[in-house]
Amino acid sequence: MFQKSTITSNAIITNEEAKIFYEDMLLGRMFEDTCAKMYYQGKMFGFVHLYTGQEAVSTGIIKNLKPYDYVCSNYRDHVHALSKGIPPREVMAELFGKETGCSKGRGGSMHIFSSKYNFLGGFAFIAEGIPIALGAAFRNIYYKQILHNIDDLPISICFIGDGATNNGQFFECLNMASLWKLPIIFVVENNQWAIGMANQRASSVQEIYKKADAFNIPGLEVDGMNILEVIKVSREAIYRARNGQGPTLIEALTYRFRGHSLADPDELRSIEEKNFWIARDPIINFVNYIKNHNLLSDDEIKKIEKKVKLRIEEAVKFAIDSPEPKLQDLAKYLFY
Amino acid sequence: MNKIFMFEALRSAIDEEMSKDETVLVIGEDVGHYGGSYKVTKDLHLKYGDLRILDTPIAENSFTGMAIGAAMTGLRPIVEGMNMGFLLLAFNQIANNAGMLPYTSGGNYQIPIVIRGPGGVGRQLGAEHSQRLETYFQAVPGLKIVACSTPYNAKGLLKSAIRDNNPVLFFEHVLLYNMKQEIPDYEYTLPLDKAEIVKEGKDITIITYSRMRYHVLKAVDRLIEKNVDPEVIDLISLKPIDMDTIIKSIQKTHKACIVEECMRTGGIASEIIARVNELIFDYLDSPIIRLSSQDIPTPYNGLLEQNTIVNSEQIINAIIKQLNI
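Residues numbered from 1 in each chain as written. Chains lettered and ligands numbered in written order. Predicted model: local features only at pLDDT ≥ 70, side-chain atom pairs only at ≥ 80, totals over all residues. Heavy atoms only, no water.

Q: For this particular structure, what's the right way to read the UniProt feature "domain: Transketolase-like pyrimidine-binding" (unreviewed entry) in chain B?
A: With numbering aligned to this structure, UniProt lists the feature "domain: Transketolase-like pyrimidine-binding" (unreviewed entry) at residues 4–179 of chain B. Counted over residues 4–179 of chain B, helix gives 38% and strand 18%. Its end C-alpha atoms are 8 Å apart. (UniProt positions renumbered as here; feature names shortened; annotations may be inferred. Helix = DSSP H or I, 4+ residues; strand = E, 2+ residues; numbered from the N terminus.)

Q: Can you help me understand the domain arrangement of chain B in this one?
A: Note on interface size: it is often stated as the accessible area lost on association of the parts. Residue and element names in this part refer to chain B. Taken domain by domain, chain B consists of domain 1 (2–183) and domain 2 (196–323). Placing the centre of domain 1 and that of domain 2 at their C-alpha centroids yields a distance of 26 Å. Contacts between domain 1 and domain 2 engage 32 residues on the former and 26 residues on the latter. Interface of domain 1 and domain 2: buried area, both sides summed, is about 2300 Å²; carbon and sulfur atoms make up 55% of it. For the domain 1 face of the interface with domain 2, the top three residues by lost area are Q124, R132 and Q138, together amounting to 28%. (Domains from an automatic or database assignment. Contact = heavy atoms within 4.5 Å. Buried area = accessible area lost by both parts, 1.4 Å probe.)

Q: Would you mind showing me how to read the environment of S270 of chain B here?
A: Here S270 of chain B is to be found in helix α10 (residues 268–280). Through-space distance from the C-alpha of S270 of chain B to that of A318 of chain B is 17 Å; in sequence the pair is 48 residues apart.

Q: Would you take a moment to explain unusual backbone geometry for this structure?
A: Note that the residue after G121 of chain A, namely G122 of chain A, is joined by a cis bond; omega there is 10 degrees. A cis amide bond, omega 0 degrees, links K239 of chain B with the succeeding residue P240 of chain B. Tracing the sequence through the fold places P240 of chain B in the loop between β12 (237–239) and α9 (243–253).

Q: I keep staring at the pattern of salt bridges and nothing clicks. Help me out?
A: Side chains carrying opposite charge are able to pair once their charged atoms draw close together. Counted by the stated rule, this structure contains 40 salt bridges over all chains. When the shortest N-O distance is used, the salt bridge between E23 of chain A and R311 of chain A registers 3.3 Å. Of this pair, E23 of chain A sits in helix α1 (residues 15–40) while R311 of chain A sits in helix α11 (residues 298–321), and the two are 288 residues apart along the sequence. The buried category is assigned to E23 of chain A, whose relative accessible area is 15%. Through salt bridges that share partners, E16, E17, K20, K155, K159, R163 and E187 of chain B make up one connected network. (Salt bridge = Lys/Arg side-chain N within 4 Å of Asp/Glu carboxyl O. Buried < 20%, exposed > 50% of the residue type's maximum accessible area, 1.4 Å probe, protein only.)

Structural data, given as C-alpha cells:
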C-alpha cells in the first residue's frame with residue numbers, strides 16, 4: 001500500500017542502514033515515552049526534558065559517526081546518549097538515580113556522561129557545553145599534530161538549541177572553531193521554542209544558519225523531520241571535519257512534540273502549530289519511505305519494533321532492580 | 001643553585017613539565033608571541049610552537065571551557081588568566097564544569113587543568129586589576145586553590161599542580177614576579193596541600209599567604225626586638241586549608257593572628273577561624289585576630305590604595321595588643 005511520505009530520497013541508504021536508523025529512532029521515541037510514564041509514576045524526578053519528535057536529528061547525525069568521535073549535548077540529552085551507544089539500561093538507571101546509572105546516579109537527566117562512549121555530557125546551563133565540545137575538537141587536532149598517535153581524525157559534535165544561538169559562548173566558539181579549523185560540527189536543533197520564548201521573539205536574525213557566515217563557517221539549513229536530508233548533510237559535514245576543512249553549522253528545523261520539560265504546561269504553543277508538526281512525524285514518514293522503497297519487509301519492521309520494546313522493558317526492569325548509591329560514597333568522585 | 005626571578009621560576013616549572021609530557025600545553029591571551037603579560041611564558045612558543053603555547057582571542061569563558069573539554073579528553077592544559085580578575089568571566093566554566101564534572105559525571109571524566117595567573121593589589125592598577133578571587137572560588141567544591149609566595153615554592157608548587165589530576169587554581173601575585181631567590185638545580189616538587197612553616201616560634205601563630213607573607217616577616221623582625229617569638233605559617237594551600245599544621249601550632253602558642261590580602265568579608269581568615277573554633281577552641285587563650293583588606297573596591301589614588309590593604313605597622317600593633325605588651 002502506497003502511503004504518503006513527506007520525505008524524498010536525498011541520501012542513498014542500504015537496507016542494513018535502514019534497519020539501524022529505524023531502530024535507533026524508535027528506541028529514542030519509545031525511551032522518552034517510557035520516561036514520561038516513569039516520571040508520573042514517581043520513579044524519576046526533577047527537570048526532565050524529552051526529545052520526542054526530534055529523533056531524525058539525533059539518529060541522522062550520530063549514526064554516521066565512528067566510536068572515537070565525541071558528542072556533546074545539553075539538557076535534552078537522553079536520545080543523543082542512546083544514539084551514541086550508551087545502553088538504554090544505563091541511561092534509565094541514571095534517571096532513576098541508581099548506582100548503575102552511567103553517571104552513577106550523581107548526574108540525573110541533565111547530566112548523562114560516558115567516557116566509554118565518548119559522550120561529554122549533559123549540561124544544565126544553556127551553551128556551557130559548547131566550549132567543552134570545542135575542547136574535544138581541539139584535543140583531536142592536538143593528538144594528530146603533536147602526539148602523532150592517531151590515524152583517522154576524530155571529530156566533535158555539539159548539539160544546541162535555538163535559544164543557545166544568542167549566547168556569547170556560541171559566538172566565541174564559532175570564532176575559535178573557524179580560526180583554528182577545528183574538526184567540529186555545530187548542530188542547532190531549532191525547535192523554535194526556548195521554554196516559552198519563541199525564536200522570533202529572541203533572535204534578531206531568524207535564520208540561525210546565517211549566523212555562521214560571520215565566522216566564515218558553512219551554514220546549512222535542513223529539514224530536521226526528514227532523516228534522509230539530515231543524513232546527507234551530516235555525511236558532508238563529517239567528511240569536511242575529518243579532512244581538515246574545519247567546522248560546519250547545521251540548523252535542523254524540528255519540533256518537540258512535548259513541552260519543554262515534564263513540568264511545562266506547554267500552554268503557549270497553539271494546537272494548529274503542534275498538529276502541523278506532528279503530521280510530519282519523522283518516524284512515521286521514514287517507515288513509509290522504507291516501505292515504498294522496499295528497504296525492509298513488514299516482518300523486518302515488526303521485528304525491530306519488538307526488539308526495541310524488549311530493550312526498553314529490560315532497561316526499566318534493570319533500573320528498578322538496581323541499588324541506590326551507598327551513603328558512605330557521598331564524597332566519592334570529588335577528587336582524584 | 002641558581003638565583004632567579006619568580007617569573008623565571010614559574011617558566012622553568014612549565015618548561016620542565018612540557019618537555020617531559022607532551023600532553024601539557026599553555027592556553028591564554030598573549031602567552032605566545034607576546035611572551036605573557038608578566039613574562040612567565042616568554043619564548044616558550046619558540047621552543048614548543050603555536051599549538052602548545054596557544055594564543056587565544058579574548059573569550060575567557062569559552063577558552064577556559066575549551067581547556068576543560070581538552071582536559072576531559074586527554075590533555076593537561078595550563079590556562080593563564082592574563083590577570084586573575086579576568087577569570088570572573090570564566091566563572092561559569094570554572095564553577096560548573098571544572099568544579100563539578102568529575103563528580104556529576106560519576107567519575108567518567110577527570111579534569112587535570114591548572115588555571116594560573118597574577119592577582120592581588122599592585123601599584124595603582126585600579127579596582128578591576130587589583131582583585132583577589134581566591135575567596136570567591138573558595139566555596140566551590142571540587143577545586144584546589146594554591147597561592148605561591150617565593151620563587152622556590154612557586155616552581156615546586158606549579159610542577160605539582162600540573163601533575164595533579166584535579167582542577168587547580170594557582171594564584172600568583174603581581175608584585176612578586178620580580179622577587180629573586182636561589183633555587184636548586186635539581187628537580188623538585190612541593191605538595192599542594194601543605195602549609196609552610198616560615199619561622200618557628202612559641203608566642204603567637206601568625207597565619208598568612210602570598211604577598212602578605214613579606215609584610216608579616218617585616219613585622220616579625222620588629223616584634224623579635226620586643227622579645228616576641230611568633231610562629232609564622234604561610235598557608236600555601238587555600239583550599240583545602242592545612243588544618244593539621246595550624247592546629248599543631250595553636251596547640252603550642254594558644255594565640256593566633258591571620259593576615260590576608262583578600263577582603264574581610266568571607267575571607268580565607270573567616271574560614272580558618274570557623275574551623276579552629278570547631279576543632280580546637282579550648283586551646284585558644286584569646287579570640288583569633290584577623291587583618292584583612294577593606295571591603296572597598298581598590299581606589300586608584302596611591303594613599304587610598306595603601307589604606308585598603310594591611311601594612312606591617314598594623315600587624316605589629318595588632319599583635320602587641322593581642323599579647324598585652
